[in-house]
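Each chain, letter by letter, is given below.
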Amino acid sequence: MTAAVTTPSKEKPAQRAVPGPGRLASVVRHRAGRKLLPLAVAAFVLVPLGVVLWGGGSWPAALTVDVSGPLDDANEWVIDNRESHPLFLYFLLHLSNTATDAVDAVYNGLDALGWVGFAALAVLFAWRAAGFDRRGAKTAGIAAVVFAVCGLLGMWDATLLTIALMVVAVAVASLLGIALGLAAGLSDRFHRMLRPVLDTMQVMPAFAYLLPFVLVFGTGTPAALFCTVIYAAPPMARLTALGLRGADAGVLEASASLGASGRQRLWTARLPLARKEMLLGLNQTIMMALSMVVIAALVGAGGLGEEVYSALSTVDVGKALAAGIPIVLIAVWLDRTTAAAGERIGTSVPGGSRLLHGWRAWALVAVVTAAAAAANRALLAPTWPEGWTYDISTPVNKAQDWITEHLASGVPVLGGTEVWSENFTLWVLNPLRDGLVWLPWWALLLIVAGLAWLVGTWATALTSTLALGAVGVLGVWTKSLDTLSQVIAALFVTLLLGFALGVAAARAGRFERWMRPVLDAMQTMPQFVYLIPVVALFGVTRASAIIAAVVYALPAVVRITTQGIREVDPAALEAARSLGAGSRQQLLQVQLPLARPALQLAVNQGVVLVLAVVVVGGLVGGGALGYDVVKGLSRGEMGVGMTAGAAIVCLGLVLDRLTQPGAGRSRRRHEG
Amino acid sequence: MTAPEHTNAAEPVFSVRNLWKVFGPKADRVPANPEYAGLSAEELRARTGCTAAVRDVSFDVHKGEVFVVMGLSGSGKSTLVRCLTRLIEPTSGAVAIDGEDVLSMDKSRLRALRRHRASMVFQHFGLLPHRSVVDNVAYGLEIQGMGKAERRAKAAEVVEKVGLAGMEERRPGQLSGGQQQRVGLARALAVDPEVLLFDEPFSALDPLIRRDMQEEVIRLHREEGRTMVFITHDLSEALRLGTRIALMRDGRIVQLGTPEEIVGSPADDYVRDFVRDVAREQVMTVRTAMRPAADVAEAEAGASVAPDATVSAAIEAVARTGAPARVMEDGRCIGVVDHQGLLAVVAGLGPSDQKAVAA
Amino acid sequence: MRTKTRNARTAVAATAVLGLLALSGCGAAETGKSNEAGDKKTVKLTVPSWVGAQANTAVAAYLLEKELGYTVKTQQMGEVLAWDALSKGDIDGILEDWGHPKEEKQYVETKKTVVKGGDLGVTGHIGWFVPKYFADKHPDVTDWKNLNKYADEFKTAESGDKGEILEGSPDYVTNDDAIIKNLKLNLKTNYSGSEASQITAMKKYAKAKKPFLTYWWTPQWLNAEIDMVEVKLPAYKEGCDADPKKVACAYPNTPLQKFFNADFAKNGGKAAEFLKNFKWTTEQQNEVALMIADEKLSPEAAAEKWVKANESTWKAWMPKK
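Since the structure is predicted, the reported quantities are computational estimates derived from the model, not experimental observations.

## A few points about the overall build of chain B
When its secondary structure is counted, chain B shows 18 helices and 13 strands. Along the first, second and third principal axes, the C-alpha atoms of chain B reach 70 × 60 × 35 Å. Sorting the 359 residues of chain B into buried and exposed places 50% on the buried side. Taking the contacts inside chain B whose residues are at least 6 apart along the sequence as the reference set, 66% of them involve residues at least 24 apart. Of the charged side chains in chain B, 45 are positive and 50 negative, and the gap between their average positions amounts to 6 Å.

Right under this line is the structure:
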């Protein structure tokens, strides 16, 4: 590895070329052959058997299991028993009532501060978390702008309600995540068990489990809170485990050598050493929680989500945007604050007044906030003054009309989005879907098994094949293939754009700075806000669903690509430059090959994120599984929704295994 | 070769007998099986899939000495030192501290051992990056359960002792490597242990700083007389610091003796090769180079040197006077050193060769 | 030793879980909170996702607050979720229901936690619609028998070689796949997935004066903006939609219904009485809906405007003293 980095990289391709493609190819053939041979033998026996027994073509009906029935029965049982069964009376209802009370308490607390008091709290909190110094002042400035804009948009009260829900959700999700992460960080067995659970929690569309949560916990705050917690806890758990596992072994050994007990080591060494990862986990948890704001409104949680959602019913993009912007801004505020706090860890040089450090500084924040709240109470109205608002919906709607009108069909030569969407559907999506559907079921299983075996181990192959089989067993084979074709197309577009933008951003700092807020907005803006413009531009087609997925997944791919290329060993780059490599050569021969692990991670993340918005695709004409999930929720058919949700999870499992970054070694041989 | 020494009357601090540490599948069948005893490391790995990091090692560490374990990387020395406090669990054998069996200690006894009796200084320092210098130094005391004010006061004293006064509130990240290792040393000292264990503490440091730190250890040893076990791969460091040196290769001790014994009479070719470039006159003492006085005149007159003085010191005395020097112990002449004897030591000739020259 | 640690960890985890259970198990939790409604004079109403129903809620809420002195809490949620919430007492009333036979059976007949609240006065109708500009050009399109003739006109990239019929949100009952199959029509459904998407698409077609066929309904505020003409399907007969797979007839006319939480209906006082009396016409509802959707008034402002102009109508809803 070290050799590869330090040798002048121009030599590398040359060296590789010496053995000649012929020899490499034979190695590939040899290796791949050795792997595929047993599979071929198995297929030779099993496929005819399967075809004779169940026939070719689409997934055989004999091999499906009806899970909707039992699920619907469970649904009934809950409705009939929730007012009398002890499980509800003594446990679940307590949870639900506590959740409501907690959110109400936080909301009332924030509301009691008055708008001046709350703004003071938000700004000072950001400042304190980022350190009371000049850099922290920048973060505080961001906070001030954020809340001024929220007020100006007339969203003050909704913002407050959303923040109250977020505070409780993030707190619960963090605690849950830390608990899980602790267990996974300390026990290998638990770590292995937890991974698929976390994967499911993140890929299972929230729409699918919203219904059971509503039935169990009731509409409004509790269901919204617990769904948000489920979706937001995984990053905290993962990063906590990562931090605990990645702790400097030397420090832990030193701690053990001084006779620390397990608990002492945890509190004094493991946890503090994992602080950076845990803060990153918190950051991710907050972002995930914010992305649930609108979905939470579907079950009556209110707040900004409700504003977005009700704007949709009147097809009012401007109003939706006015509610979407505060969500983005809250995300920016919390992201910058936690990021600044993270940068401080381990590097802080205590200096200046003692008043500005440690608990004294927090006390200072509390005192100033209380003073501001008191002043607010004495002098001003408790809510944001109504005169200080500005209605953006009319100009936004006008702009949207103009844009859609001109872009949809009026672009000279290029045609416009409508034409593109039509051609994309006709020439890419339809052939892809029809091809997948046309393939006999056993052929598809075989292809997946073969691919998975090539990129990984027999376990990878088994998992992916079983997961794909499970889709068939659930009885949603054709719909899943439709969704799969959309996911593949969306992934392709995302990677194409993502790699291009990522490379550009890595090579031009100014471009990256300009992109950053755009990417932030793309990632955190609720998809519901841009549904209408997307449909207006691309029509009710699967192409619209793909656009929505691309918009959501692109930022992560761009970021990972940029970072991967940036972090390429400068020595290797310098060596290439010293040999006179041009900018293009540097990119193609040094940066991209060395950034391969990052690029693979980008692919994997792309898959996960694209799958996460399959449901949103269902709202703009994507149909298939996404539509079924929405239908399950809105028609109260738990069977339909959960089945489609489970199928999405299975597809996610297949695609995740096929793109697993760890499986890269054998793939390299392939490309060599 | 690895025969323990029973000459010292005092009870040894550490007593290690037939210690094995084997990594790999079914590791515990390796030490018991005499079939494997004669195999080299590669052969053993080929036969069993196991790696024996420590193979049948026995030695004693005496009170107040600096016991150096020296060997190249992979010789098992770091594993060995970790076996002493069971940071790595030995596969078989016996380890005793002050006569108490370490391997049979339960968790809390073992913890007490690590807290109070033996503390360790690590190659990569192992400092807590989120704590200030003084809190790092106080860490061991904190683990013992000492109150905050008390432990900080105590730590501050030790910080001063290792020459870090004024840096109490810095973070490890703001210190140089040498300073960080001083913190590591202070942390080990703060708990006032019976034995200090050093695991290649200075190999990550620059040569000049390494020398400073060695001086520091020598000074501490001189002032406090604490027993130390010191692991190093640096021969000159071993010779400088060691009261006795155990030289390890492939998990075994190939020679155990004073620096002079190692340099003066290497046990085998490996050791000989190892010490070939050592400046022998700096290590060998006059005792090796002397011969009995030829007559009374020789025993009565001439410059005098101590028997423990280095050969280089004797060369200086002989060169200045031009005549053989007397070796005096307790006011009695126990022999003389002359040009011939001193040169033979410098040339690395053994006693028999020396005779041949003399004849 | 390792097993010992694991056991210890398991023990800690078990203790934690038990502790949690013990904490929550100290007493039975309160179920539903509907009894508050009477005392604190709070009425909880659902806000459905379509504008017509928002108009009902807005007007009712305005009158409850301004005329009867109640506090009204509105909550937005899906229809079936609203039924469930109604049963639990999380909300007190649904003012516009397009027919949920399954829920009605479960909650009204079996559990008796929900009671019927009478007609809203508005009649809903679902059907297949084409824009008027297309029907004017091809008058015979309004008979389903001629639809195959025009299938080519409705073709899109999504529907391939068949004609497209645009479908709406999954919230709404549709038999269209069965109707197409049973009437042997050369059409294909395209599920837009949300009302917003469907409306956006329709507006787009209308602007370009392109032909399209859609699942649609009245009353709907968009009908004031885009003139739609219904395509006549085989007439609805009682029971012709009993088996969802064999449907080959039009959708029925649905007199929209109100439903209340049983407790609220009994103990809800003036508020319950007022909501039971609440009844208006399709035109009146549309008037408010248009103010909200087209003039972009807030629901409260629209309600206020309508209430000021139609005192005679709402006076009749007021509870008798």
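Let's pick the thread back up.
## A word on the interface of chain B and chain A
Counting from both sides, the interface comprises 22 residues of chain B and, opposite them, 20 residues of chain A. Between chain B and chain A, the buried area comes to about 1800 Å², and carbon and sulfur atoms account for 59% of it. Contact with chain A buries surface across chain B, with His130(B), Tyr139(B) and Ile143(B) losing the most and accounting together for 26% of the total. The tally of links between chain B and chain A comes to 1 salt bridge. Note that Arg82(B) is salt-bridged to Glu253(A), the shortest N-O span being 2.3 Å. The interface formed by chain B and chain A holds 7 residue pairs in polar contact (both at pLDDT 80 or more) in total. Ranked by residues supplied to the side of chain B that touches chain A, first place goes to helix α6 (residues 139–144) of chain B with 4 residues. When its residues are assigned to classes, the side of chain B that touches chain A shows 9 nonpolar, 5 polar and 8 charged.

## Details of the domain arrangement of chain B
Residues and elements named next belong to chain B. Taken domain by domain, chain B comprises domain 1 (14–279) and domain 2 (281–358). Here domain 1 and domain 2 have C-alpha centroids that lie 36 Å from each other. Between domain 1 and domain 2, the contact holds 7 residues from the first and 6 residues from the second. Surface buried jointly by domain 1 and domain 2 totals about 510 Å² across both partners, of which 66% is contributed by carbon and sulfur atoms. Viewed at the interface, domain 2 and domain 1 are joined by 0 salt bridges. Across the contact surface, domain 1 and domain 2 share 4 residue pairs in polar contact (both at pLDDT 80 or more). A total of 4 residues in the side of domain 1 that touches domain 2 trace back to one element, the largest contributor, which is helix α11 (residues 259–264). Of the residues contributing to the side of domain 1 that touches domain 2, the split by class is 5 nonpolar, 1 polar and 1 charged.

## Comments concerning the sheet that holds strand β4 (residues 92–97) of chain B
All names here are of chain B. Pairing in this open sheet of 4 strands is antiparallel, and the strands run β2-β1-β4-β5 from one edge to the other. A strand with exactly one partner marks an edge of an open sheet, and here the two such strands are β2 (51–61) and β5 (100–101). Note: strand β1 (residues 14–23) against β4, 5 bridges, orientation antiparallel. Residue pairing across strands places Ser 15 opposite Ala 96, the latter belonging to β4. Packed onto the sheet, helix α3 (residues 77–84) meets β1, β2 and β4 and runs at close to 120° relative to β1.

## A short note on the sheet that holds strand β8 (residues 227–232) of chain B
All names here are of chain B. An order of β6-β7-β8-β3-β9-β10 is seen for the 6 strands of this open sheet, with the pairing classed as mixed. The open sheet terminates on both sides in strands that have one partner only, identified here as β6 (118–121) and β10 (252–257). On average, each strand axis in the sheet is inclined to that of its neighbour by 20°, with strand direction left out of account. Two elements, strand β7 (residues 195–199) and β8, share 5 bridges in a ladder whose sense is parallel. When the bridges of β8 are listed, Phe 198 appears paired with Phe 230. Across the sheet, helix α8 (residues 177–190) lies against β6 and β7, angled at about 175° from β6, the strand it touches most.

## Here's the deal with the environment of Arg211(B)
Mapped onto the elements, Arg211(B) comes out in helix α9 (residues 207–224). Taking relative accessible area as the criterion, Arg211(B) reaches 44% and is therefore assigned partly exposed.

## So, the pattern of salt bridges
Residues and elements named next belong to chain B. Scanning all chains against the criterion turns up 50 salt bridges over all chains. For Asp 60, the salt bridge is made with Arg 17, and the minimal N-O distance between the two is 3.1 Å. Placement of Asp 60 in strand β2 and of Arg 17 in strand β1 is noted, with a sequence separation of 43 residues between them. Take Asp 60: its relative accessible area is 6%, and that puts it in the buried class. Judged by its relative accessible area of 23%, Arg 17 falls in the partly exposed class. Salt-bridge contacts for Asp 308 lead to Arg 287; the nearest nitrogen and oxygen are separated by 3.3 Å. One end of the pair, Asp 308, is in the loop between β11 (304–305) and α16 (311–321); the other, Arg 287, is in helix α14 (residues 286–289), and 21 residues separate them in sequence. Among the ionic contacts, a cluster of salt bridges with common partners joins Asp 98, Glu 100, Arg 109, Arg 117 and Glu 194.

## What to know about the side chain of Thr562(A)
Note on placement: Thr562(A) falls in helix α26 (residues 542–566). The contact partners of Thr562(A), leaving out residues within four places of it in the chain, are Gly502(A), Ala505(A), Ala506(A) and Glu512(A).

## A closer look at the domain arrangement of chain A
Residues and elements named next belong to chain A. Assigned domains of chain A: these are domain 1 (103–344 + 354–388) and domain 2 (416–433 + 441–627 + 636–671). Taken together, the 29 residues of domain 1 in the interface contact 27 residues of domain 2. A buried area of about 2400 Å², summed over both sides, lies between domain 1 and domain 2, and 80% of it is on carbon and sulfur atoms. Taken as a group, Val 203, Leu 312 and Val 328 account for 20% of the area that domain 1 buries against domain 2, more than any other trio of residues on that side. Our count for the domain 1 to domain 2 interface comes out at 1 salt bridge. Between Arg 336 and Asp 520 there is a salt bridge, with its nearest N and O atoms 2.7 Å apart. Where domain 1 meets domain 2, there are 1 residue pair in polar contact (both at pLDDT 80 or more). Elements that contribute at least two residues to the side of domain 1 that touches domain 2 include exactly α9 (188–203), α10 (206–217), α15 (293–298), α16 (304–313) and α17 (317–344). The residue makeup of the side of domain 1 that touches domain 2, split by class, is 23 nonpolar, 2 polar and 4 charged.

## What to know about helix α9 (residues 195–208) of chain C
End to end, α9(C) covers 20 Å across 14 residues, agreeing with the expected 20 Å (1.5 Å per residue, within 8%). Summarising burial for α9(C): 10 of the 14 residues are buried, a large majority. Buried within α9(C) we find Glu195(C), Ala196(C), Ser197(C), Gln198(C), Ile199(C), Thr200(C), Ala201(C), Met202(C), Tyr205(C) and Ala206(C). Where α9(C) is buried, its residues touch α16 and α25 (527–538) of chain A together with α6 (132–137), β5 (163–167), β7 (213–218) and β8 (228–231) of chain C. Two residues or fewer after α9(C) comes Lys209(C), characterised by a positive phi angle close to 55°.

Conventions adopted
- Residues numbered from 1 in each chain as written.
- Chains lettered and ligands numbered in written order.
- Predicted model: local features only at pLDDT ≥ 70, side-chain atom pairs only at ≥ 80, totals over all residues.
- Heavy atoms only, no water.
- Helix = DSSP H or I, 4+ residues; strand = E, 2+ residues; numbered from the N terminus.
- Buried < 20%, exposed > 50% of the residue type's maximum accessible area, 1.4 Å probe, protein only.
- Contact = heavy atoms within 4.5 Å.
- Lys, Arg positive; Asp, Glu negative; His and termini not counted.
- Charge placed at Lys NZ, Arg CZ, Asp CG, Glu CD.
- Buried area = accessible area lost by both parts, 1.4 Å probe.
- Salt bridge = Lys/Arg side-chain N within 4 Å of Asp/Glu carboxyl O.
- Polar contact = N/O pair within 3.5 Å; in protein donor to acceptor, adjacent residues only side chain to side chain.
- Nonpolar A, V, L, I, M, F, W, Y, C, P; charged D, E, K, R; others polar.
- Domains from an automatic or database assignment.
- Pairing = 2+ DSSP bridges.
- Axes fitted to C-alpha atoms, helices over the stretch in contact; angles between N-to-C directions.
- Expected span 1.5 Å × (residues − 1).

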